[in-house]
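Descriptive structure summary
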Amino acid sequence: MPEQVSPPPLSSPAPRPIFEARGLTKVYQMGEVRVDALRGVDLDLYAGELVVLLGPSGSGKSTLLNILGGLDTPTSGTVRYAEHDLTVDDDAAMTQYRREHVGFVFQFYNLIPSLTARENVALVTEIAHDPMTPEEALALVGLAPRMDHFPSQMSGGEQQRVAIARAVAKRPQVLLCDEPTGALDAQTGVMVLEVIARVNRELGTTTVVITHNAVIAAMADRVVHFGDGHVVRIERNERRKAASELSW
Ligand SMILES: Nc1ncnc2c1ncn2[C@@H]1O[C@H](COP(=O)(O)OP(=O)(O)OP(=O)(O)O)[C@@H](O)[C@H]1O
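Residues numbered from 1 in each chain as written. Predicted model: local features only at pLDDT ≥ 70, side-chain atom pairs only at ≥ 80, totals over all residues. Heavy atoms only, no water.

The immediate surroundings of the ligand are formed by 13 residues, with S57, G58, K61, S62 and T63 found nearest. S59 places a polar main-chain atom, nitrogen or oxygen, 3.0 Å from an oxygen atom of the ligand. The backbone of G60 places a nitrogen or oxygen atom 3.0 Å from an oxygen atom of the ligand. A total of 640 Å² of accessible area belongs to the ligand in isolation, and the protein chains cover 63% of it. Among the secondary structure elements, those contributing two or more residues to the shell around the ligand are β1 (19-30), β2 (33-45) and α1 (61-68). (Near = heavy atom within 4 Å. Polar contact = N/O pair within 3.5 Å; in protein donor to acceptor, adjacent residues only side chain to side chain. Areas by Shrake-Rupley, 256 points an atom, 1.4 Å probe, with all protein chains shown as cover. Helix = DSSP H or I, 4+ residues; strand = E, 2+ residues; numbered from the N terminus.)

Attention now goes to the packing of aromatic side chains. Enumeration according to the criterion identifies three aromatic pairs in this entry. Between the aromatic rings of F19 and Y81, the centroid separation amounts to 4.9 Å while the plane-to-plane angle is 55°, which identifies the pairing as tilted. Taken together, the residues F19 in strand β1 and Y81 in strand β4 (residues 76-81) connect sequence positions 62 residues apart. Given a relative accessible area of 1%, F19 falls into the buried group. On the numbers, 5.5 Å between centres and 55° between planes, the contact of Y81 with Y97 is tilted. (Phe/Tyr/Trp six-rings, centres within 6.5 Å; stacked < 30°, edge-to-face > 60°. Buried < 20%, exposed > 50% of the residue type's maximum accessible area, 1.4 Å probe, protein only.)

This paragraph deals with the UniProt feature "domain: ABC transporter" (unreviewed entry) in the protein chain. Look at the UniProt record and you will see "domain: ABC transporter" (unreviewed entry) annotated at residues 19-246. Helix makes up 29% of residues 19-246 and strand 29%, whereas the separation of the span's terminal C-alpha atoms amounts to 28 Å. (UniProt positions renumbered as here; feature names shortened; annotations may be inferred.)

Turning our attention to the nonpolar core. In this structure, V52, L138, V162 and I164 are the most contacted members of the largest nonpolar core, which totals 41 residues. For this core, the elements supplying multiple residues, two or more each, are β3 (50-54), α3 (117-125), α4 (134-140), α5 (156-168), β7 (174-178) and α6 (186-203). When residues of this core are assigned to their parent elements, the largest contribution, seven residues, is made by α6. If we ignore the near neighbours within four places in the chain, the residues touching I164 are V105, V141, V192, V195, I196 and V199. Listed in part, the 27 residues of the second largest apolar core include L64, L68, Y97 and F226. (Core = buried A, V, L, I, M, F, W, Y, C linked by side-chain atoms within 4.5 Å. Contact = heavy atoms within 4.5 Å.)

This part takes up the pattern of salt bridges. Any two side chains of opposite charge can pair, on the condition that their charged atoms come close. Evaluated as defined, the whole model comprises 14 salt bridges. Linking E158 and R146 is a salt bridge whose minimum nitrogen-to-oxygen distance equals 3.2 Å. In this pair, E158 sits in helix α5 while R146 sits in the loop between α4 and α5, placing the two residues twelve residues apart along the sequence. Note that E245 is salt-bridged to R239, the shortest N-O span being 2.9 Å. (Salt bridge = Lys/Arg side-chain N within 4 Å of Asp/Glu carboxyl O.)

A sheet is described by the order of its strands in space; here six strands give the open sequence β6-β7-β8-β3-β9-β10, paired in mixed fashion. In this open sheet, the two edge strands, each paired with only one partner strand, are β6 (102-105) and β10 (230-236). When the angles between neighbouring strand axes are averaged without regard to direction, this sheet yields 20°. Sheet topology note: the β3/strand β8 (residues 206-211) ladder contains five bridges and is parallel. (Pairing = 2+ DSSP bridges. Axes fitted to C-alpha atoms, helices over the stretch in contact; angles between N-to-C directions.)

Here it is as structure tokens:
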């Protein structure tokens, strides 16, 4: 009797987004002055993708990133990461969410000047669940030979790579980068972007990179264009460019 083979599904089910934001608003009220930083953002992000968030200054990119990272909560709307509701007003739950799932990289590296690269990374690995060793994390960003150097002995790009090693050493599912190349020249910026792309590829980390620089959009799976507190449009790149192919 021929073996029974079940037919393939007609179409595979659409993947469920790992982040799901609906109707997000954020209002800052300072005395008489009201700033509508987010004016109703709907956005889905999928596990393992690299998304570039592009838009003019003041359009709300950092506000959105901070909400996705559990550093801030929206004024209204809903946002979910896997099973976590990120709108809850519960500091302990948000701290646990950030600690277990999210790595942050900012424009300025925020390294502790009196600690070596290895010690800066160890600050995180000592409190994480299943971390890499500081040595593994620094090797991933190409800084194995500089492990025992202090921040003042490193270039801006190298310091940013230490900051990336620190952010990814705990193997977060999510890496949120706010203008990671904003303080760097183009050549150094490309090296930092190469490291971010490598982490995304090798660890499968869902990655969001905020930038003003439209050239960087070419390295993304998807580009989310932001303007005036809204998602203006979303593009998908047919092919992700390697960071080494970018120049500005
Ligand atoms: N803590 C705050 N208090 C008051 N207003 C704020 C605060 N944070 C952000 N804003 C305002 O919200 C708006 C959006 O800011 P946001 O930093 O999210 O924009 P952005 O797109 O990231 O800008 P940039 O590219 O310059 O960093 C701006 O008008 C900003 O001044």
